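The lines below spell out each chain.
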Amino acid sequence: MKQERKQLLSASILSADFGRLAQEVQAVEAAGTDWIHVDVMDGHFVPNITIGPDVVRAVRRATTLPLDVHLMIAEPDRYLQDFAHAGADWLGVHVEACVHLHRTVQRIKELGKKASVSLNPATPLSWVEPILEEVDMVLLMTVNPGFGGQTFIRPVLDKVRTLRRWIDERRLPVLLQVDGGVNADTVDELVEAGVDVFVAGSAVFRGDDYAVTVKALKSRFHS
């Protein structure tokens, strides 16, 4: 029998108005989102540059929601402590960027944070299997990382289903997260594939009424 899980919506500030970031974060919190997702990009691992620890610190002051900090950067080990001290609750690194993935995950936990590992769409799921019992969450990218508002890459759904099966068969307390192209057109398939945490940026922040958008998305989750 399939176990029912609580499903969560994480609002990605990549699509927010950075000129009024604190107000945007507070608005989606009031609208009912569960987490705040923070995309950190370095212009090297991905073709875009976004924010650093100081902005994470400002977001931390603006909300009591869990901060899910997604490091899309080269050499993430160099910055784990900075982002941990800035107020991240979750720290996510890409398997493609880590030379010693186990060591990186251990360091995140030593800093008192939840450890997440991320895979790009073309990265085989086997890359995360050796670390699966050590992490708190796995993020499968459903777009190529770097920019918001991209089109959902549908073949990743097979990876989602496979990862869900691995987690369930091993009875692991690991969350399955997806990021990219999550909206009203894709959420149902992702729910059925077994996703726990849905990262949505454009779908939330480009609407006129955040509460209506958040409620509509979360209404599709399993209760």
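Thresholds, definitions, all that
- Residues numbered from 1 in each chain as written.
- Predicted model: local features only at pLDDT ≥ 70, side-chain atom pairs only at ≥ 80, totals over all residues.
- Heavy atoms only, no water.
- UniProt positions renumbered as here; feature names shortened; annotations may be inferred.
- Helix = DSSP H or I, 4+ residues; strand = E, 2+ residues; numbered from the N terminus.
- Expected span 1.5 Å × (residues − 1).
- Buried < 20%, exposed > 50% of the residue type's maximum accessible area, 1.4 Å probe, protein only.
- Contact = heavy atoms within 4.5 Å.

The protein chain goes by Ribulose-phosphate 3-epimerase in an unreviewed UniProt entry, where it is assigned to Desulfacinum hydrothermale DSM 13146. Under the UniProt heading Function (unreviewed entry), the entry covering the protein chain gives this text: "Catalyzes the reversible epimerization of D-ribulose 5-phosphate to D-xylulose 5-phosphate." Looking at the Catalytic activity (unreviewed entry) heading of the UniProt record, one finds this comment for the protein chain: "D-ribulose 5-phosphate = D-xylulose 5-phosphate".

Engineer: Explain helix α5 (residues 156–169) here, please?
Structural biologist: Owing to its 3.6 residues per turn, the α-helix aligns residues three or four sequence positions apart on the same side. Here α5 spans 20 Å end to end across 14 residues, near enough to the 20 Å set by a 1.5 Å rise per residue. Restricting attention to buried positions, one finds in α5 the residues V156, L157, K159, V160, L163, R164, W166 and I167. The inward-facing, buried residues of α5 contact β6 (137–141), β7 (175–179) and α6 (187–193). Of the residues one or two after α5, R171 is the one with positive phi, at around 55°.

Engineer: Is there a simple way to think about the UniProt feature "binding site: substrate" (unreviewed entry) in the protein chain in this case?
Structural biologist: Annotation from UniProt places "binding site: substrate" (unreviewed entry) at S12, H70, G146, F147, G148, G149, D179, G180, G181, G201 and S202. Looking at the secondary structure, you find S12 in strand β1 (residues 8–12). Under the relative-accessibility criterion, S12 is labelled buried at 4%. Once residues lying within four places of it in the same chain are set aside, the contact partners of S12 are H37, D39, V199, A200, G201 and F205.

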